[in-house]
Amino acid sequence: MNSRPVYLDHQATTPLDERVLQAMLPFLTSEYGNPSSNHAYGRTAAKAIRTARRQVADLVGAKNELEIVFTSGATEANHLAIIGGALAARPRGGHVITTAIEHKAVLAACQHLADHHGYTITRVGVDRHGRVHPADVAAALTPDTVLVSVMHANNEIGTLQRIAAIAEIIRPRGGLLHTDAAQSAGYGLLDAGELGVDLASISAHKFHGPKGIGALYIRGGTCITPLQSGGGQERGLRSGTPNVPAVVGLGTAADLITTGAVPGPARIRALRDRLQERLQASIPDASVNGHPHRRLPGNLSLTLPGIEAIDLLDRLPAVAASTGSACNTGNAEPSHVLTAIGLTRSQARATLRLSIGRTTTDADIERAGALIAEAVKAAAPAQTTTEAA
Ligand SMILES: Cc1ncc(COP(=O)(O)O)c(C=O)c1O
């Protein structure tokens, strides 16, 4: 009997691919050298890191591996890109543009620039599908703008942004363009060269690599002020002994994608569409958030009017999914992403994020679809909450 909950939270994190684990294991056991050491152990570790850097460069469309800096994940990559990029450009201006729907790691990095370094931050709004209009970015630019950060794909509603069009606007003006590609890189959608970005953040655990490792793509010639110094690793941009097993895991997870060793997005999209149709058929007033077509294949953000998503998930232990609320603080504040696309506070609290991934099966979709529909029906007449301002 399958007693584990159906895992529909692949946008939160993904299970480690067995091939990634096998590639990492020697570096957790016998190959423990420090890559900076000038002996056989060190050289083995250094070689593994060079291989991983090439694999990551290939995944993100870098010209060469020197454009890759390993970090502890996308949070750190976002901070290095935004704070490090803006600080290096300080002589040219003190204005940064971002959007209303960024991950909190981006919003916090921008806030840090405002609070501690006197930068002005503009947050560009989005339309009801969660799309940033390149013309709005153009209108927000000032002669003082040194950096623009627009996420590639949203973690709650999956909407993909027109990064290449935004790059075309910024290029002649001379500011840096950063994109948080934590959610899109695992689909092989990040081609930094083609998109025309200067900086891009990724995270291994979003595509079946280990947690606590990611990378920042830094276009050759881009100036960044390091946020930590010490041993001068990562060409002085990120001091600290690299986490060799995790770096190897990130490289291997990237390589599985670029070499076509994992199924493409079509299967995930088909499963997502089936779950969407199934739920919309049994819950007629359910509405789908995000762009109807330009969104991540595995994302399904559903607003179920009259439902408190947190309570629904509490009553559904057999389905592992997320709400649209920022529950990390435990205060159930409605998500800033959902309110930015125009949902009311109660609609935002009625929103479930189901995210399908490589390990999702047909049976998972059937089981989760039936369980969610049943739980919504049971809860339905209940809780129409009054709108709070
Ligand atoms: C869009 C986005 N940016 C950044 C992050 C943070 O990534 P990490 O867990 O690697 O720090 C996440 C993960 O939740 C994300 O979805």
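Predicted model only: the values in this text are computed from it and were never measured. Position labels on residues start from 1 in each chain and follow its written sequence. Side-chain atom pairs in this predicted model are given and counted only at pLDDT of 80 or more, local residue features only at pLDDT of at least 70, and totals for whole chains, interfaces and linings cover all residues. In computing side-chain values, all of the structure's heavy atoms are included and hydrogens and water are not.

Caption draft 1: Summary view of the overall build of the protein chain. Scanning the protein chain from terminus to terminus reveals 13 helices and 15 strands. Each radius of gyration is computed over the set of C-alpha atoms, and the globule rule expresses the reference value as 2.2 Å times the number of residues to the power 0.38. Its C-alpha atoms give the protein chain a radius of gyration of 21 Å, near enough to 21 Å, the size a compact globule of 389 residues would have. Counting over 389 residues, the protein chain shows a buried share of 54%. In this tally, Asp and Glu contribute negative charge and Lys and Arg positive charge; neither His nor the terminal groups of the chain are included. Note that the charge is assigned to NZ on lysines, CZ on arginines, CG on aspartates and CD on glutamates. In the protein chain, 36 positive and 33 negative side-chain charges are present, and the distance between their average locations comes to 3 Å. Secondary structure is summarised from DSSP: a helix means a run of H or I of at least four residues, a strand means a run of E of at least two, and numbering begins at the N terminus for each. When accessible area is computed with a 1.4 Å probe and restricted to protein chains, residues below 20% of their type maximum are described as buried, those above 50% as exposed, and intermediate ones as partly exposed.

Caption draft 2: View of helix 4 (residues 104–117). Taking 1.5 Å per residue, 14 residues should reach 20 Å; helix 4 reaches 19 Å between its end C-alpha atoms and fits that length. Every buried residue belonging to helix 4 is among Ala105, Val106, Leu107, Ala109, Cys110 and Leu113, and all of these are buried. In this description, contact between two residues means that some pair of their heavy atoms is separated by no more than 4.5 Å. If you follow the buried residues of helix 4, they end up packed against helix 3 (74–88), strand 3 (95–99), strand 4 (120–124), strand 5 (145–149), strand 6 (176–180) and helix 11 (336–340). A positive phi of about 75° marks Gly118, the residue just after helix 4. By this rule the span expected of a helix is its residue count minus one, scaled by 1.5 Å.

Caption draft 3: A look at the packing of aromatic side chains. Planes of paired rings set the category: under 30 degrees apart is stacked, over 60 is edge-to-face and the rest tilted, where pairs are Phe, Tyr or Trp rings (Trp by its six-membered ring) whose centres lie within 6.5 Å. Counted under the stated rule, the structure contains one aromatic pair. Ring centres of Tyr32 and Tyr41 lie 5.3 Å apart, and the angle between their planes is 20°; this geometry places the pair in the stacked category. The residue whose ring lies beneath Arg90 is Tyr119, and the NZ or CZ to ring-centre distance is 4.5 Å. Either the NZ atom of lysine or the CZ atom of arginine qualifies as a charge over a ring when it sits within 6 Å of the ring centre and within 35 degrees of the ring normal.

Caption draft 4: Examining the site of the ligand more closely. Among the 13 residues in the neighbourhood of the ligand, the closest are listed as Thr75, Asp180, Gln183, Ser203 and Lys206. Here a polar contact is recorded for every N or O atom pair within 3.5 Å, except that within protein the pair must consist of a potential hydrogen donor and a potential acceptor, and residues adjacent in sequence are included only if both atoms are side-chain atoms. The contact in question runs from an oxygen atom of the ligand to an N or O atom on the backbone of Ala74, over 2.9 Å. At 3.4 Å, a side-chain N or O of His103 approaches an oxygen atom of the ligand. Using the Shrake-Rupley algorithm and a 1.4 Å probe, accessible areas are obtained, with residue cover drawn only from the displayed protein chains. Burial of the ligand by the surrounding chains reaches 84%, relative to a free accessible area of 390 Å². Ranked by the residues each element gives to the shell around the ligand, the list is headed by helix 3, at three residues. Of the residues in the shell around the ligand, the class split is three nonpolar, eight polar and two charged. Any residue with a heavy atom positioned within 4 Å of a molecule or strand is treated as near that molecule or strand. In this count, Pro and Cys sit with the nonpolar residues alongside Ala, Val, Leu, Ile, Met, Phe, Trp and Tyr, while Asp, Glu, Lys and Arg are called charged and the others, Gly among them, polar.

Caption draft 5: Expanded view of the sheet that holds strand 5. Across the sheet, which stays open at both edges, the seven strands sit in the order 2-8-7-6-5-3-4 with mixed pairing between neighbours. With one partner strand each, in any of the chains shown, strand 2 (68–71) and strand 4 form the two edges of the open sheet. Neighbouring strand axes in the sheet, compared pairwise and without regard to direction, differ in orientation by 20° on average. In this structure, strand 6 lies alongside strand 7 (residues 199–203), joined through three bridges in parallel fashion. If you follow His178 over to strand 7, its bridge partner there is Leu199. Angular values range over 0 to 180 degrees, each being the angle between N-to-C directions of two axes fitted as lines to C-alpha atoms, with helices fitted over their stretch in contact. Taken strand by strand, helix 2 (residues 40–60) contacts strand 2, strand 7 and strand 8 (214–218), and its axis lies near 110° from that of strand 2. Strand pairing requires that DSSP identify at least two bridges connecting the strands.

Caption draft 6: Looking closely at the domain arrangement of the protein chain. An automatic or database domain assignment provides the domain bounds reported here. Segmentation of the protein chain into domains returns domain 1 (6–14 + 263–379) and domain 2 (18–258). Look at where the C-alpha atoms of domain 1 and domain 2 centre, and you get two points 27 Å apart. Across the contact, 30 residues belong to domain 1 and 31 residues belong to domain 2. Summed over both partners, the accessible surface that disappears when two parts come together, traced with a 1.4 Å probe, is what is meant by buried area. Between domain 1 and domain 2 lies a buried interface of about 2,500 Å² when both sides are counted; carbon and sulfur atoms form 53% of it. In this structure, the connection of domain 1 to domain 2 is made through 17 residue pairs in polar contact (both at pLDDT 80 or more). When contributions to the side of domain 1 that touches domain 2 are tallied by element, the ones reaching two or more residues are helix 9 (265–282), strand 10 (299–303) and helix 11. Examining the composition of the side of domain 1 that touches domain 2, we find that four residues originate from one element, helix 11, more than from any other. Residues belonging to the side of domain 1 that touches domain 2 are distributed by class as follows: 12 nonpolar, 14 polar and four charged.

Caption draft 7: Quick look at the pattern of salt bridges. Put simply, a salt bridge is a Lys or Arg side-chain nitrogen that is within 4 Å of an Asp or Glu carboxyl oxygen. Across all of its chains, the model carries 13 salt bridges by this definition. Across the salt bridge formed by Arg353 and Asp9, the nearest N and O atoms sit 3.2 Å from each other. Of this pair, Arg353 sits in strand 15 (residues 351–355) while Asp9 sits in the loop between strand 1 (6–7) and helix 1 (18–28), placing them 344 residues apart in sequence. Classification of Arg353 as buried rests on a relative accessible area of 9%. Look at the salt bridges and you will find they share partners, linking Asp17, Arg19 and Arg358 into a network.

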